[in-house]
Amino acid sequence: MINRLKILYELQKIDDQLDELEELRGDLPKTVEDLETEIDEIKNTISEKELQRKESMGKRKKNESQIEIATESQKKFKAQLYKVRNNKEYDALTKEIDHTEELVKKHEAENNELADLSKTLADEIDEIKPKLDELSDEIKKKKDDLKVIIKANEKEEAKLNTQRKKLESQIKKGDLSAYMRIRKAKKGKAVATIKRSACSGCHNIVPSQRQLELRQNNRLFYCEYCGRILVSAEISESVAV
Ligand SMILES: [Zn+2]
(Lines give C-alpha, C1' and ligand atoms only; values in the text may rest on other atoms or scores of the structure.)
Protein backbone atom coordinates (compact mmCIF):
# COMPACT_ATOMS: atom_id res chain seq x y z
CA MET A 1 0.00 0.00 0.00
CA ILE A 2 2.74 2.43 0.91
CA ASN A 3 4.22 1.85 -2.51
CA ARG A 4 0.88 2.59 -4.19
CA LEU A 5 0.75 5.94 -2.39
CA LYS A 6 4.38 6.69 -3.16
CA ILE A 7 3.85 6.08 -6.87
CA LEU A 8 0.92 8.51 -6.91
CA TYR A 9 3.02 11.15 -5.21
CA GLU A 10 5.93 10.52 -7.58
CA LEU A 11 3.59 10.85 -10.54
CA GLN A 12 2.43 14.20 -9.23
CA LYS A 13 6.03 15.38 -8.87
CA ILE A 14 6.84 14.39 -12.45
CA ASP A 15 3.69 16.06 -13.73
CA ASP A 16 4.56 19.22 -11.78
CA GLN A 17 7.85 19.41 -13.66
CA LEU A 18 6.21 18.68 -17.00
CA ASP A 19 3.66 21.41 -16.25
CA GLU A 20 6.48 23.84 -15.54
CA LEU A 21 8.06 23.06 -18.90
CA GLU A 22 4.69 23.54 -20.54
CA GLU A 23 4.32 26.91 -18.82
CA LEU A 24 7.62 28.08 -20.31
CA ARG A 25 5.90 27.99 -23.67
CA GLY A 26 3.49 30.62 -22.41
CA ASP A 27 0.83 31.72 -24.89
CA LEU A 28 2.85 30.56 -27.89
CA PRO A 29 1.05 27.25 -28.59
CA LYS A 30 -2.34 28.98 -28.35
CA THR A 31 -1.16 31.90 -30.50
CA VAL A 32 0.13 29.52 -33.17
CA GLU A 33 -3.15 27.62 -33.11
CA ASP A 34 -5.21 30.82 -33.42
CA LEU A 35 -3.04 32.06 -36.28
CA GLU A 36 -3.47 28.73 -38.07
CA THR A 37 -7.24 29.04 -37.82
CA GLU A 38 -7.16 32.61 -39.09
CA ILE A 39 -4.88 31.69 -42.01
CA ASP A 40 -7.12 28.76 -42.95
CA GLU A 41 -10.17 31.02 -42.96
CA ILE A 42 -8.48 33.58 -45.21
CA LYS A 43 -7.25 30.86 -47.56
CA ASN A 44 -10.78 29.47 -47.77
CA THR A 45 -12.21 32.89 -48.54
CA ILE A 46 -9.64 33.42 -51.29
CA SER A 47 -10.27 30.06 -52.92
CA GLU A 48 -14.03 30.59 -52.75
CA LYS A 49 -13.66 33.92 -54.51
CA GLU A 50 -11.27 32.44 -57.06
CA LEU A 51 -13.74 29.66 -57.78
CA GLN A 52 -16.56 32.19 -58.21
CA ARG A 53 -14.35 34.12 -60.61
CA LYS A 54 -13.52 31.03 -62.61
CA GLU A 55 -17.20 30.10 -62.83
CA SER A 56 -18.14 33.59 -63.99
CA MET A 57 -15.45 33.48 -66.67
CA GLY A 58 -16.74 30.11 -67.85
CA LYS A 59 -20.26 31.50 -68.03
CA ARG A 60 -19.02 34.50 -70.02
CA LYS A 61 -17.35 32.24 -72.56
CA LYS A 62 -20.58 30.27 -72.97
CA ASN A 63 -22.52 33.49 -73.46
CA GLU A 64 -20.02 34.67 -76.05
CA SER A 65 -20.53 31.58 -78.16
CA GLN A 66 -24.29 32.00 -77.77
CA ILE A 67 -23.93 35.56 -79.04
CA GLU A 68 -21.89 34.32 -81.99
CA ILE A 69 -24.48 31.70 -82.89
CA ALA A 70 -27.35 34.20 -82.60
CA THR A 71 -25.50 36.76 -84.72
CA GLU A 72 -24.82 34.17 -87.40
CA SER A 73 -28.49 33.12 -87.53
CA GLN A 74 -29.51 36.73 -87.64
CA LYS A 75 -27.30 37.28 -90.71
CA LYS A 76 -28.92 34.31 -92.39
CA PHE A 77 -32.44 35.51 -91.61
CA LYS A 78 -31.65 38.97 -92.88
CA ALA A 79 -30.33 37.54 -96.15
CA GLN A 80 -33.52 35.52 -96.51
CA LEU A 81 -35.60 38.68 -96.16
CA TYR A 82 -34.77 39.56 -99.78
CA LYS A 83 -36.19 36.32 -101.02
CA VAL A 84 -39.57 36.34 -99.25
CA ARG A 85 -42.61 35.67 -101.38
CA ASN A 86 -45.40 36.76 -99.07
CA ASN A 87 -46.24 38.67 -95.88
CA LYS A 88 -46.51 35.52 -93.82
CA GLU A 89 -42.93 34.55 -94.59
CA TYR A 90 -41.82 38.11 -94.00
CA ASP A 91 -43.47 38.22 -90.57
CA ALA A 92 -42.01 34.88 -89.60
CA LEU A 93 -38.52 36.04 -90.50
CA THR A 94 -38.77 39.38 -88.70
CA LYS A 95 -39.92 37.49 -85.64
CA GLU A 96 -36.81 35.31 -85.84
CA ILE A 97 -34.59 38.35 -86.32
CA ASP A 98 -36.13 40.07 -83.29
CA HIS A 99 -35.66 36.93 -81.28
CA THR A 100 -31.95 36.69 -82.14
CA GLU A 101 -31.58 40.38 -81.34
CA GLU A 102 -33.09 39.81 -77.92
CA LEU A 103 -30.81 36.85 -77.29
CA VAL A 104 -27.72 38.87 -78.13
CA LYS A 105 -28.81 41.74 -75.90
CA LYS A 106 -29.62 39.42 -73.02
CA HIS A 107 -26.27 37.66 -73.17
CA GLU A 108 -24.39 40.90 -73.57
CA ALA A 109 -26.09 42.40 -70.52
CA GLU A 110 -25.33 39.27 -68.52
CA ASN A 111 -21.70 39.38 -69.60
CA ASN A 112 -21.38 42.98 -68.51
CA GLU A 113 -22.62 42.01 -65.08
CA LEU A 114 -20.29 39.03 -64.98
CA ALA A 115 -17.35 41.23 -65.94
CA ASP A 116 -18.19 43.59 -63.08
CA LEU A 117 -18.46 40.68 -60.68
CA SER A 118 -15.13 39.33 -61.87
CA LYS A 119 -13.48 42.68 -61.30
CA THR A 120 -14.98 43.02 -57.82
CA LEU A 121 -13.81 39.54 -56.90
CA ALA A 122 -10.30 40.24 -58.19
CA ASP A 123 -10.16 43.47 -56.17
CA GLU A 124 -11.36 41.66 -53.06
CA ILE A 125 -8.73 38.96 -53.49
CA ASP A 126 -6.02 41.60 -53.94
CA GLU A 127 -7.20 43.26 -50.77
CA ILE A 128 -7.07 40.07 -48.67
CA LYS A 129 -3.77 38.68 -49.93
CA PRO A 130 -1.43 41.07 -48.06
CA LYS A 131 -3.13 40.07 -44.79
CA LEU A 132 -2.37 36.44 -45.58
CA ASP A 133 1.30 37.26 -46.18
CA GLU A 134 1.43 39.21 -42.95
CA LEU A 135 -0.09 36.36 -40.93
CA SER A 136 2.17 33.79 -42.60
CA ASP A 137 5.22 35.80 -41.52
CA GLU A 138 3.85 36.11 -38.02
CA ILE A 139 3.12 32.41 -37.61
CA LYS A 140 6.58 31.53 -38.88
CA LYS A 141 8.17 33.73 -36.22
CA LYS A 142 5.98 32.33 -33.45
CA LYS A 143 6.70 28.77 -34.54
CA ASP A 144 10.43 29.49 -34.51
CA ASP A 145 10.19 30.97 -31.01
CA LEU A 146 8.29 27.92 -29.83
CA LYS A 147 10.82 25.59 -31.42
CA VAL A 148 13.66 27.29 -29.53
CA ILE A 149 11.87 26.81 -26.21
CA ILE A 150 10.94 23.20 -26.94
CA LYS A 151 14.44 22.42 -28.14
CA ALA A 152 16.00 23.88 -24.99
CA ASN A 153 14.02 21.50 -22.76
CA GLU A 154 13.79 18.57 -25.10
CA LYS A 155 16.09 16.27 -23.13
CA GLU A 156 14.55 17.07 -19.79
CA GLU A 157 11.07 16.57 -21.15
CA ALA A 158 11.99 13.24 -22.71
CA LYS A 159 13.53 12.08 -19.44
CA LEU A 160 10.43 13.07 -17.49
CA ASN A 161 8.15 11.38 -19.99
CA THR A 162 10.12 8.16 -19.72
CA GLN A 163 9.86 8.30 -15.94
CA ARG A 164 6.16 9.02 -16.22
CA LYS A 165 5.56 6.03 -18.48
CA LYS A 166 7.39 3.78 -16.06
CA LEU A 167 5.24 5.02 -13.18
CA GLU A 168 2.08 4.65 -15.22
CA SER A 169 2.86 1.01 -15.83
CA GLN A 170 3.20 0.44 -12.08
CA ILE A 171 0.10 2.33 -11.04
CA LYS A 172 -3.31 0.73 -10.51
CA LYS A 173 -5.73 1.54 -13.30
CA GLY A 174 -8.36 2.90 -10.92
CA ASP A 175 -5.78 5.06 -9.14
CA LEU A 176 -4.58 6.49 -12.43
CA SER A 177 -8.05 7.41 -13.62
CA ALA A 178 -8.87 9.01 -10.24
CA TYR A 179 -5.57 10.88 -10.41
CA MET A 180 -6.22 12.10 -13.94
CA ARG A 181 -9.76 13.14 -13.08
CA ILE A 182 -8.71 15.17 -10.04
CA ARG A 183 -5.70 16.59 -11.91
CA LYS A 184 -8.00 17.91 -14.58
CA ALA A 185 -10.43 19.41 -12.08
CA LYS A 186 -7.75 20.89 -9.83
CA LYS A 187 -5.47 22.63 -12.32
CA GLY A 188 -2.89 19.86 -12.38
CA LYS A 189 -2.66 19.11 -8.67
CA ALA A 190 -4.24 15.80 -7.80
CA VAL A 191 -2.12 14.72 -4.85
CA ALA A 192 -1.62 16.77 -1.70
CA THR A 193 0.28 16.13 1.49
CA ILE A 194 0.00 17.32 5.08
CA LYS A 195 1.76 20.55 5.94
CA ARG A 196 1.32 22.03 9.41
CA SER A 197 -1.74 19.82 9.92
CA ALA A 198 -3.36 21.18 6.76
CA CYS A 199 -3.96 19.83 3.26
CA SER A 200 -1.21 21.29 1.07
CA GLY A 201 -3.71 21.62 -1.76
CA CYS A 202 -6.45 23.69 -0.12
CA HIS A 203 -4.86 24.63 3.23
CA ASN A 204 -7.81 23.36 5.25
CA ILE A 205 -6.96 21.70 8.53
CA VAL A 206 -7.08 17.91 8.37
CA PRO A 207 -8.69 16.47 11.54
CA SER A 208 -6.09 14.88 13.83
CA GLN A 209 -7.85 11.51 13.72
CA ARG A 210 -7.53 11.53 9.93
CA GLN A 211 -3.89 12.59 10.21
CA LEU A 212 -3.27 9.57 12.42
CA GLU A 213 -4.94 7.30 9.87
CA LEU A 214 -2.94 8.86 7.07
CA ARG A 215 0.30 8.13 8.86
CA GLN A 216 -0.55 4.43 8.68
CA ASN A 217 -0.04 4.69 4.91
CA ASN A 218 -2.39 1.80 4.35
CA ARG A 219 -5.34 3.43 2.68
CA LEU A 220 -6.15 5.92 -0.01
CA PHE A 221 -7.69 9.04 1.55
CA TYR A 222 -9.14 12.06 -0.17
CA CYS A 223 -9.17 15.57 1.29
CA GLU A 224 -12.73 16.12 2.41
CA TYR A 225 -12.57 19.77 1.31
CA CYS A 226 -10.87 19.76 -2.06
CA GLY A 227 -11.13 16.10 -3.04
CA ARG A 228 -7.41 15.65 -3.69
CA ILE A 229 -5.64 12.42 -2.85
CA LEU A 230 -3.90 12.92 0.51
CA VAL A 231 -0.59 11.30 1.37
CA SER A 232 1.33 11.52 4.65
CA ALA A 233 4.36 13.72 5.13
CA GLU A 234 6.38 10.54 5.48
CA ILE A 235 5.57 9.64 1.90
CA SER A 236 6.13 13.10 0.48
CA GLU A 237 9.48 13.31 2.22
CA SER A 238 10.55 9.89 1.01
CA VAL A 239 9.99 10.89 -2.58
CA ALA A 240 12.80 13.00 -3.88
CA VAL A 241 12.40 13.69 -7.54
ZN1 LIG B 1 -7.58 19.81 0.39
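Reading the values: rules and limits
Residues numbered from 1 in each chain as written. Predicted model: local features only at pLDDT ≥ 70, side-chain atom pairs only at ≥ 80, totals over all residues. Pairing = 2+ DSSP bridges. Helix = DSSP H or I, 4+ residues; strand = E, 2+ residues; numbered from the N terminus. Contact = placed C-beta atoms within 7 Å. Axes fitted to C-alpha atoms, helices over the stretch in contact; angles between N-to-C directions. Domains from an automatic or database assignment. Buried ≥ 20, exposed ≤ 12 C-beta atoms within 10 Å, placed from the backbone.

1. With respect to the sheet that holds strand E1 (residues 191–195)
Logical step 1: Spatially, the four strands line up as an open sheet ordered E2-E1-E4-E3, and their pairing is mixed. Taken across any chain shown, the strands that pair with only one partner, and hence form the sheet edges, are strand E2 (198–199) and strand E3 (221–222).
Logical step 2: Lying on the sheet, helix H1 (residues 2–24) is in contact with E1 and strand E4 (229–231); it crosses E4 at an angle near 110°.

2. Quick notes on the domain arrangement of the protein chain
Logical step 1: Domains assigned within the protein chain are domain 1 (24–154) and domain 2 (172–238).
Logical step 2: One C-alpha centre belongs to domain 1, the other to domain 2, and the line joining them spans 65 Å.

3. Focus: the pairing of E1
Logical step 1: Burial of E1 is extensive: four of the five residues sit out of reach of the surface.
Logical step 2: Sheet topology note: the E1/E4 ladder contains three bridges and is parallel. Bridge pairing links Thr-193 to Val-231 in E4.
Logical step 3: Relative to E2, E1 runs antiparallel, the two being bridged by two bridges. Paired with Lys-195 across the two strands is Ala-198, which belongs to E2.
Logical step 4: The antiparallel pairing of E1 with E2 creates a hairpin that spans two residues between the two strands, and Arg-196 there sits at a positive phi of about 45°.

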